Structures are given as C-alpha cells and as structure tokens.
Amino acid sequence: MILLDGKQTSAQIKAEIAETVSTMVQQNKRVPHLAAVLVGTNGASMTYVGAKVKACELVGFESTLIELPEETSEQELLDTIYNLNNNSDIDGFIVQLPLPKHINENHILMAINPDKDVDGFHPMNVGRLTLDLPTFISATPYGIMELLERYNIPTSGKHVVVIGRSHIVGRPMSILMSQKRPAGNATVTVAHSRTKNLSELTKTADIVIAALGMPEFLTSDMIKDDAVIIDVGITRVPDSSKKRGYRIAGDVDFESVSQKASYITPVPGGVGPMTIAMLLKNTLLARSRSSVAS
Ligand code: NAD
C-alpha cells in the first residue's frame, strides 16, 4: 500500500507557487492577493480560514481576512462582496461556508464576480467546468485530480465510484474524472444517500472517492483488492482522550481498508492540505488573468 501524501504533495505545490511569486517580486509585479470573508465564529470555519490565510503568507501572497459578526445581514454581506468585486487590488476571494442560517448561500455565491471566484462555486464557473472550458475548479476536487496525476495513478478506462453528490465535492469530482483530461477518462458512477446496494458498486471500483461525511463508513469488505481509495471526509468525533475533546475522522476505515488498497489518502494529511494548495493555485490563476485584463 502506498500512502497518497497530501501534506508532502501540497508542500511541493506551495514551493512551486512561492517560486513563481518570488519571480513576480523580482520583476516588480504585484503579488497575488486573496481575501477571505468569515461570518460568525464557527470553530471549524475559523480553523479553515486561518489555515488559508497562513498558506497565503507562506507562498508570499497578500491576504486579507474580513471577519463579520454572526448577526451580519444578507445585505451587509452582499455589500462586502460588491466592495471586493470592485477592489482591483484583490485578485480573488472566498466566502467561507457554511453561512449563518438567515443568509441565503445562493444569493451570496451568485453575487461573487466569476473572475474572482477562486472557490469555483459560481454557476458560471460550474457551467464552464461541465463544458470543458477553462475555469476555476473548486479546490477539493482539483486537489484530488492533482494528487492522482502527481502519483501517476492510471484513471483512463477505470471504474470510479464517487460516494456523494454535493456541489462542492461529489458532483464536480464525477464530472472531472469523466472528462478527457489528465487523471480523467474514467467511467464514473455517482452514489448518494438513495443508492441501493452501494457495496456491490464499490466492490467493482478501481478507484473509490468517499465524500459523504460519515466517519469510517467505507470498510474493507466494500472494496476490491488493490483499489485506490480517496478519503475526503472530515468529521469531528468526540474523543475525551484528546486535549481538544475531539478527533478528526475520515469517511474510510483506514485501518482495515489500507490493508487491501493499493493507494490510500490518510485523514488528516491527505485531501485536506491539497485543498488549500489548489486554492492558492486558483488565486495565482486569477492574478495572471487580472494582469492580462489590466
Ligand atoms: P454533503 O453533506 O454536502 O454531501 C454528502 C453527500 O453524501 C450527499 O450527496 C449524500 O447524498 C451522500 N450520502 C450521505 N449518506 C450517504 C450514504 N449512506 N451512502 C451514500 N451516500 C451518502 O457533504 P460535502 O460537503 O460533500 O462533504 C463531504 C465530506 O467531505 C464531509 O466530511 C466534509 O467535511 C468533507 N470535506 C472535506 C474537504 C477537504 O478539504 N478535505 C472539503 C470539503 C468537504
């Protein structure tokens, strides 16, 4: 079994980005600038946003964190987005999800200028993705594609089962892997909460991508020998033996599945770090586009 080391791979990607940024600095060019908007004090969201801002600093990007209180109205958040859309110093920005319940997530995502939508969630960018046009690919599926490619995992003609059909992971993942592109050309089955006899499908899969958010859901009896296993899940499971009171669990029962798999991503240290690296890649892309536009 070979570990698909997202920590190491993402460090390599970040080093590549840092090199590009240092060349920009030498050429007196403006460095990429990512802004992140955080509404409220959700613990996981604060951790994710903090990690994104820190990653920006590490590669030499400029970053701006806009923290808004939980009671921020939808209109106030929309005003913040309009300001970011019109701020030519900002190349790309993200609005950390989930948002407080009184704010309609769709209204917010639709308000983001697609050219600055480095999360790739705007309908324009999702549409471009489905049509094989250049776009911002949402960071988690993009990170998985990059991991498969960098580890030279064959995907052409392989059967991939994606468990989960969410807009940010399962759906784009299934589209990407069926496309004619590196780490693509696969035959893809999308499974979800209404899928019957899931194990019968996963047992035929060369690659299983588990993105359902149920700790240790995929067990070794559900996969075939030498399958490639990508674990997207991140769930905080209460654990009194830990100082912080919880542990992070993936969607895969790593202990049993790793005995049977040919490649597997660990949690943590697999898909998670890749997600942040790909957000940086998208920000770099946004910067190169804005320099073409200006
Ligand atoms: P989601 O809740 O939006 O979607 C879950 C999907 O799983 C749904 O489409 C649902 O139909 C499917 N599902 C639920 N129960 C199922 C079952 N029993 N059998 C088959 N399918 C089932 O979740 P999401 O936003 O896609 O995230 C999934 C997981 O990935 C979560 O743990 C989340 O925290 C994690 N995640 C990780 C990263 C990362 O960077 N590593 C990024 C995004 C999400």
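What this report covers is the structure whose coordinates are included nearby. Everything numeric in this text was worked out from a predicted model, so none of it was measured.

## Describing helix H1 (residues 6–26)
Working step 1: Taking 1.5 Å per residue as the helical rise, H1 with its 21 residues ought to reach 30 Å, and the 30 Å between its terminal C-alpha atoms agrees with that figure.
Working step 2: Every buried residue of H1 is accounted for by Gly6, Thr9, Ser10, Ile13, Lys14, Ile17, Val21 and Met24. All buried residues of H1 fall inside an arc of 135° around its axis, so they share one side. In this structure, H1 carries Gln8, Glu19 and Gln26 as exposed residues pointing more than 90 degrees from its buried face.
Working step 3: The backbone nitrogen of Lys7 lies 3.1 Å from a side-chain oxygen of the residue at the head of H1, namely Asp5.
Working step 4: The positive-phi residue at the C-terminal boundary of H1 is Asn28, with phi of around 60°.

## Considering the nonpolar core
Working step 1: Of all hydrophobic cores here, the largest spans 52 residues; its most connected members are Met177, Ile209 and Ile230.
Working step 2: Counting residues per element, this core draws most heavily on helix H10 (residues 271–293), which supplies nine residues.
Working step 3: If we skip the residues at most four places from it in the chain, Ile230 touches Leu4, Ile144, Leu148, Val208, Ile209, Ala210, Thr265 and Val271.
Working step 4: Core analysis: the second largest hydrophobic core is formed by 18 residues, Val39, Ile81, Leu99 and Phe121 among them.

## Re helix H3 (residues 74–86)
Working step 1: Between the first and last C-alpha of H3 there are 18 Å, a value that for 13 residues agrees with the 18 Å anticipated at 1.5 Å per step.
Working step 2: Taken together, the buried positions of H3 are Leu77, Leu78, Thr80, Ile81, Leu84 and Asn85. Viewed along the axis of H3, the buried residues span an arc of 155°, placing them on a single side of the element. Facing away from the buried side of H3 by over 90 degrees, the exposed positions are Asn83 and Asn86.
Working step 3: On its buried face, H3 sits against strand E2 (33–39), strand E3 (62–68), strand E4 (92–95) and helix H4 (105–111).

## A look at the site of the ligand
Working step 1: For the ligand, the set of nearby residues contains 21 residues, the closest of which are Arg165, Ser166, Ser193, Ile234 and Thr275.
Working step 2: Note that an oxygen atom of the ligand is positioned 3.0 Å from one of the backbone N or O atoms of Ile234.
Working step 3: A distance of 2.8 Å separates an oxygen atom of the ligand from a polar side-chain atom of Thr275.
Working step 4: For the ligand, the protein covers 72% of the area, taking 860 Å² as the surface of the free molecule.

## Observations concerning the environment of Ser10
Working step 1: Structurally, the position occupied by Ser10 is in helix H1.
Working step 2: Through-space distance from the C-alpha of Ser10 to that of Gly270 is 9.3 Å; in sequence the pair is 260 residues apart.
Working step 3: If we skip the residues at most four places from it in the chain, Ser10 touches Pro273, Met274 and Ala277.

## Let's talk about the pairing of strand E8 (residues 228–231)
Working step 1: Burial of the side chains of E8 extends over both faces: Val228 and Ile230 are buried on one face and Ile229 and Asp231 on the other.
Working step 2: Pairing of strand E7 (residues 207–210) with E8 involves four bridges; the strand directions are parallel. Looking at E8, one finds that Ala210 is bridged to Asp231.
Working step 3: One ladder, built from two bridges, connects E8 with strand E11 (residues 263–264); its direction is parallel. When the sheet's bridge partners are listed, Ile229 is paired in E11 with Ile264.

## Describing the pattern of salt bridges
Working step 1: The tally for this structure, following the rule as stated, stands at six salt bridges.
Working step 2: When the shortest N-O distance is used, the salt bridge between Lys224 and Asp206 registers 2.8 Å. In this pair, Lys224 is assigned in the loop between E7 and E8 and Asp206 in the loop between helix H8 (198–202) and E7, connecting sequence segments 18 residues apart.
Working step 3: Classification of Lys224 as partly exposed rests on a relative accessible area of 31%.
Working step 4: The partner of Glu216 in a salt bridge is Arg247, and the shortest N-O contact between them spans 3.2 Å. Placement of Glu216 in the loop between E7 and E8 and of Arg247 in strand E10 (residues 246–249) is noted, with a sequence separation of 31 residues between them.
Working step 5: For Arg247, a relative accessible area of 27% puts it in the partly exposed group.
Working step 6: Salt bridges sharing partners connect three or more residues here, namely Glu16, Glu146, Arg150 and Lys281.

About the criteria used
- Residues numbered from 1 in each chain as written.
- Predicted model: local features only at pLDDT ≥ 70, side-chain atom pairs only at ≥ 80, totals over all residues.
- Heavy atoms only, no water.
- Helix = DSSP H or I, 4+ residues; strand = E, 2+ residues; numbered from the N terminus.
- Expected span 1.5 Å × (residues − 1).
- Buried < 20%, exposed > 50% of the residue type's maximum accessible area, 1.4 Å probe, protein only.
- Arc of directions from axis to C-beta.
- Polar contact = N/O pair within 3.5 Å; in protein donor to acceptor, adjacent residues only side chain to side chain.
- Core = buried A, V, L, I, M, F, W, Y, C linked by side-chain atoms within 4.5 Å.
- Contact = heavy atoms within 4.5 Å.
- Near = heavy atom within 4 Å.
- Areas by Shrake-Rupley, 256 points an atom, 1.4 Å probe, with all protein chains shown as cover.
- Pairing = 2+ DSSP bridges.
- Salt bridge = Lys/Arg side-chain N within 4 Å of Asp/Glu carboxyl O.

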